[in-house]
Structures are given as C-alpha cells and as structure tokens.
Amino acid sequence: MNFELKTLNRARLCAEKCDALLVLVPQEMASGNDALSRLIAAATRAGDFEAKPGNLLQAYRPEGLAATRLLLVGVGDGSPRHVRSAVLAAMAALKSGKALRLVLCLSLLKDAAGQAIHPALLSCGDASYQYSATKSKVPNKHFQRAVVAVADAPAAKAAFAKACGLAQGIALAREWGNRPANHATPEKLAGAARELAKLPRISAQILGPKEVAKLGMGSFTAVARGSEEPLRFIVLRYQGALKNQAPVVLVGKGITFDTGGISIKPAGEMDEMKFDMCGAASVLGTFRTLAALQPKLNVVGLIPACENMPDGRAIKPGDVVSSMSGLTIEILNTDAEGRLVLCDALTYAERFKPRAVVDIATLTGACVVALGGVRSGMFSSNDALAQSLMEAGERSLDLCWRMPLDDIYAEGLKSNFADIANVAGRAGGAVTAAKFLQRFAGKFPWAHLDIAGTAWKSGAAKGSTGRPVALLVEYLLSQTESSPAKPSRPKSVKSRSPAARA
Ligand code: BES
Ligand code: MN
Ligand code: ZN
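Residues numbered from 1 in each chain as written. Chains lettered and ligands numbered in written order. Predicted model: local features only at pLDDT ≥ 70, side-chain atom pairs only at ≥ 80, totals over all residues. Heavy atoms only, no water.

Some remarks on the overall build of the protein chain
The helix and strand tally for the protein chain stands at 15 helices and 20 strands. In terms of principal-axis extent, the alpha carbons of the protein chain reach across some 80 × 50 × 40 Å. Here the protein chain holds 502 residues, and the buried ones make up 56% of them. The contacts in the protein chain between residues at least 6 apart in sequence include a share of 77% that link residues at least 24 apart. When the accessible area of the protein chain is evaluated, it comes to approximately 20800 Å², of which 53% is carbon and sulfur surface. (Helix = DSSP H or I, 4+ residues; strand = E, 2+ residues; numbered from the N terminus. Buried < 20%, exposed > 50% of the residue type's maximum accessible area, 1.4 Å probe, protein only. Contact = heavy atoms within 4.5 Å. Areas by Shrake-Rupley, 256 points an atom, 1.4 Å probe, with all protein chains shown as cover.)

What follows is the structure in structure tokens.
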C-alpha cells in the first residue's frame, strides 16, 4: 500500500475526491460549520452515531462531500489502541466495496505528537495486505493508495515516515511467513536476504552445508540431514553506525517446514508448520524497515534455515550431536528442532561481540497454551534488556510478557549420554526450551521471544501476522539513543533467577 501524507482541514476534507473517506471521530470534538462537521453533529444528535471505539456509520455520496463513500468511525479517547481497533473495524466494513483510493482522516483528533499515525497506518496496511504469490489470478487490489489526512502534515512527518517504513517491514514478514514451504525453501529465504542487500547499508552473506559443517555447527547440520533441500545460514548486516560500534544481533528460527522429523507430528493442521520460519521472516522484515529508516546503529541478522523431515538419513531419537559450542546434545525428540538450529546460531553470534542478542522463534506449543495469541513469550537473562523489550512491545502495541528462567527448570535437560538433552518433560515446555537456549547464550546479554502463538493466525483468518517486527523495530530504535545493555554475568548455567538478580 502506498501512503501519502497531506494537511487537510475540515473544509478541504469535504472537497477531497476519493472512493472512500474514513474519518476517525473522537468523543470530544470541536464543532464546525462545514458539511462533515454538520453531518457528524446531526448523526450524534439523532443517536445514530456515537464516537465509542469501533462504532461505525456509513453514507453513500453524502451531501456536500466529494467522497463516494463516507465512513465515520469512533475512536473514543483517541488512544493508540482505540485508533487501531477503529481502523480495523472500518477497513473490514470497506472490504465488500471496490474502493481503490482511500482517505484516512486523522485531522479531527487532538494529536499534536502524531501518536495516532502509527496505529492508524499500520492497521490500514495490515487490512489491505492480500496474499497472491501462489494464486493463479491476482485478486482485485482493493486499496492501493491511501492519503493520510492530518491537521498539520509537517508536524506529523517523522511519525509518518516511521510508520511507513514499519508497514513495509511487516508486509515483507507476512509475505514470507505465508508462502508455502515449497515456495519458501531455505534457498528462497536466502534469495530474499540477497534482495535486501540491494538496499542501502545492508549486506548479506549466505553459507551452505559445507561451510556450516566447517564451522562445527553439528546441531544445525543434524536437523537438516533429513531433507533434500540444502540448509542455508543467512548472515545479514545493517551498518548505520561506526564499524566499531557493537551490534544488536537478531537470530530468527528458519525452519521452512517442521514435520517433527522421526518424532513425526500428527497430520491435522500440519500445514501450519510452514509458518515455522516466522522468526526468520521477522528478521527479514526488520531489516527491510532498517533500510527504510536508516537509524544510527549496527544490527546483525542470523537465520539458520532448513527443513525438519523424516528420512533414512534423518536424526533419530537418542542420537547425540556436537554443537558449535562444544557441548554435546542428546536429541530425545526430533520435533524439538528449533532449539537445535538456534543454539549454533547463538554460538556464531559471539563473534560479533554483540551488545545484545535477541532470538525470535516459533519454538513451543507450550507457549501457545500459556499466552495464546495476545502476547509473545519473552525470556531474558538481563533485566535491562527485558525491560527494553517489554516497553517496546507496549509502545508498538506488539505485546510480550516476561517469563521465568529459574535454574530449577533446567533439571529435566540432564542427559546420561550427552552434556544436555534437547527436551525435558511436558511441564513448563516454553521455559525448558528457553533454558536450553540459555546454555548457549552465556557470553552476551540475551533475550528469547517465543512467537509460536503470535506469529500467525489459524482458522478462517489463517495467515502470518508479521509479529514481532513492530516490537523489534521499536526496540532497535530505542537503542539508538541509549547506552548498551549491561552485560550479565558471563556464565549462565548456574545463574540466579531473574528475580534474584533484579
Ligand atoms: N515449531 C514447533 C512449535 C509449535 C508447535 C509452534 C505448534 C506452534 C504450534 C516446534 O518445533 C515443536 O515442535 N516443539 C515441540 C517441542 C516438544 C517436542 C518438546 C512442541 O511444542 O510440541
Ligand atoms: Mn518441531
Ligand atoms: Zn519447529
């Protein structure tokens, strides 16, 4: 979707030609003597419209307005949350028609700081996204252009630019998340990274099976063994600051399809395991946004990408493999493959001497049970980093919730045949998975986002959400102004609980 920012006061709004004029109406609004203000006042007086969040009133060729369709939508107090639900409701109502040119009007809001732009523009972008990559007919493009009307465009310019860049990143993450596994192979993900490297300040390096084996990534290699598709290890860099400034490293789980391997998953809904690379997609999307916004910081993106398949050569329950860190791993369940590819990527991250490492993974069904689709699970051995991520989530409306990392949760990961097992019991599955990763993240401030519940939707609305690109971007932007997170104690295995360290 293409957005354009325009100053439109009420009189000019009335004269603006478009297929649909979507007006956000706050509960407290100054009166005016133009056609639009009169219409809102009359409808309110008659009890046909109330500016409660999400309330809608539609009109066709309203008198005194140049718009073909008018949609009034209440935003209550005008808070970002209400703006989001209002725009989503209005866009859903518009879906049936064939509006191509949309005016999204924020001019009636008291919003000097441009706070409403972010949720308005992102919800508008979200609602207009249409998947088409593997459809024979490209569906009617509903909304290609939207004019975002505000009371003072120059004042809203920065917020507008940020939201536009973010919308592009989210759309890219959704697109790659949605593509089926045969159209989003490890090599195709690598291709997406190469495309990103054409953008300013971004470079990409792609490693194949030989190079990965040479690095000693025995754990990642083991997962990829069962597939005919060769693995790819994608290294993305965004350089927005001096070369010597320590980067933030993002590690995205890139399992392009997760059958479970020999510990095979049940057939029902297995198709949704094409979304098991949404962590990787969120890294690609974040880099798209970095290219658009050009913030002053350095970021590295690491994506271990492969399929998890059953095969004659596939890993078997009980197999022991050597990770890049030197730790040996007993693979008790081949379906706990995400942690097996991430652990080697975490070890690889050490070479960047990062100020922080954040991994993003559709890691456990247990996290879906714990938090559903509302908040991503967030685990961190570093309180400052955890707080930054939590706040970034709240600001961007891409929520997460901190989960525990008490060492006692790692008890079940003991193995009689290796240094560590890849699964513990059923209880606390999201936490024990995080404890496994923590063993490989002792040398830098680290956080883990389990996005198994938030990265995609099931059922009729099946599709990728683009989360947590907004959270990641908000976090990264917050790092341009502040000092690096305080390093946690290097040894993580015997670390105290987060509460004790606080
Ligand atoms: N990709 C899955 C996690 C998943 C499952 C996400 C369902 C969303 C919905 C992951 O690789 C996996 O299979 N995890 C196992 C771990 C278990 C074997 C310890 C799980 O959650 O069942
Ligand atoms: Mn799995
Ligand atoms: Zn998986």
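Describing the confidence of the model for the protein chain
Interpretation of this model should avoid reading the predicted coordinates in detail wherever pLDDT is low. Mean pLDDT over the protein chain works out to 94, with 95% of the residues at or above the 70 mark. Within the model, the stretch residues 490-502 combines pLDDT values under 50 with 27 contacts to residues more than four positions away or in other chains. (pLDDT = per-residue confidence, 0-100.)

Some points on the domain arrangement of the protein chain
Taken domain by domain, the protein chain comprises domain 1 (2-151) and domain 2 (172-478). Computed over C-alpha atoms only, the centres of domain 1 and domain 2 are separated by 37 Å. Contacts between the two partners involve 10 residues from domain 1, matched on the other side by 11 residues from domain 2. Summing both sides of the interface, domain 1 and domain 2 together bury roughly 940 Å²; the carbon and sulfur share of this comes to 54%. For the domain 1 face of the interface with domain 2, the top three residues by lost area are Arg81, Tyr129 and Tyr131, together amounting to 46%. For the pair domain 1 and domain 2, the interface holds one salt bridge. The shortest N-O distance in the salt bridge between Arg174 and Asp126 comes to 2.9 Å. Across the contact surface, domain 1 and domain 2 share four residue pairs in polar contact (both at pLDDT 80 or more). At the level of secondary structure, the elements contributing two or more residues to the side of domain 1 that touches domain 2 comprise helix 3 (80-94) and helix 4 (117-128). Counted by class, the side of domain 1 that touches domain 2 contains five nonpolar, two polar and three charged residues. (Domains from an automatic or database assignment. Buried area = accessible area lost by both parts, 1.4 Å probe. Salt bridge = Lys/Arg side-chain N within 4 Å of Asp/Glu carboxyl O. Polar contact = N/O pair within 3.5 Å; in protein donor to acceptor, adjacent residues only side chain to side chain. Nonpolar A, V, L, I, M, F, W, Y, C, P; charged D, E, K, R; others polar.)

Let's talk about the sheet that holds strand 5 (residues 101-105)
If you trace the six strands from one edge of the open sheet to the other, you get 1-6-5-2-4-3, paired in mixed fashion. Each having just a single partner strand, strand 1 (2-7) and strand 3 (56-60) make up the two edges of the open sheet. The mean angle between the axes of side-by-side strands here comes to 20 degrees, regardless of whether they run parallel or antiparallel. Sheet topology note: the strand 3/strand 4 (residues 69-74) ladder contains five bridges and is antiparallel. The partner of Gln58 across the bridge, within strand 4, is Leu71. Strands strand 1, strand 5 and strand 6 (145-150) of the sheet are contacted by helix 4, whose axis makes an angle of about 145 degrees with strand 1. Here helix 5 (residues 153-178) sits on the sheet in contact with strand 1 and strand 6, set at roughly 170 degrees to strand 1. (Pairing = 2+ DSSP bridges. Axes fitted to C-alpha atoms, helices over the stretch in contact; angles between N-to-C directions.)

Regarding the coordination of the manganese ion (ligand 2)
Binding of the manganese ion (ligand 2) to the protein goes through Asp258 (OD), Asp335 (O), Asp335 (OD) and Glu337 (OE), at separations of 2.0 to 2.2 Å. In this structure, the manganese ion (ligand 2) is surrounded by six donor atoms whose angles at the metal cover 71 to 167 degrees, and the resulting shape is irregular. Here the donor residues of the manganese ion (ligand 2) are spaced in sequence according to D-x76-D-x1-E. A distance of 3.2 Å spans the gap from the manganese ion (ligand 2) to the zinc ion (ligand 3), which Asp258 bridges by coordinating each metal. Placement of the pair is Asp258 in strand 10 (residues 254-258) and Glu337 in the loop between strand 13 (328-331) and helix 10 (338-349), with a sequence separation of 79 residues. For Asp258, a relative accessible area of 3% gives the class buried. Judged by relative accessible area, which is 1%, Glu337 ranks as buried. (Donors = N, O, S within 2.8 Å, 3.2 Å for Na, K, Ca; no water. Tetrahedral: all angles 85-135°; square planar, octahedral: opposite > 155°, others 65-115°.)

Some points on the side chain of Asn178
Structurally, Asn178 can be placed in helix 5. Using a relative accessible area of 8% as the deciding quantity, one classes Asn178 as buried. A distance of 2.6 Å separates a polar side-chain atom of Asn178 from the backbone nitrogen of Ser464. When neighbours within four sequence positions are excluded, Asn178 is seen to be in contact with Tyr129, Tyr131, Lys274, Phe275, Gly463 and Ser464.

Comments concerning the environment of Ala41
With respect to the element layout, Ala41 can be found in helix 2 (residues 35-45). Separated by 279 residues in the primary sequence, Ala41 and Val320 place their C-alpha atoms 72 Å from one another.

Some details on the pairing of strand 15 (residues 376-380)
Burial of strand 15 is extensive: five of the five residues sit out of reach of the surface. Here strand 15 shows two buried faces, one formed by Ser376, Met378 and Ser380 and the other by Gly377 and Phe379. Sheet analysis places strand 15 next to strand 16 (residues 400-402), joined by three bridges and oriented parallel. The partner of Gly377 across the bridge, within strand 16, is Trp401. In this fold, the crossover linking strand 15 to strand 16 by way of helix 12 (residues 383-396) has right-handed handedness. Pairing of strand 15 with strand 18 (residues 446-450), which is carried by four bridges, proceeds in the antiparallel orientation. (Right-handed = clockwise from strand over helix to strand, strands pointing away.)

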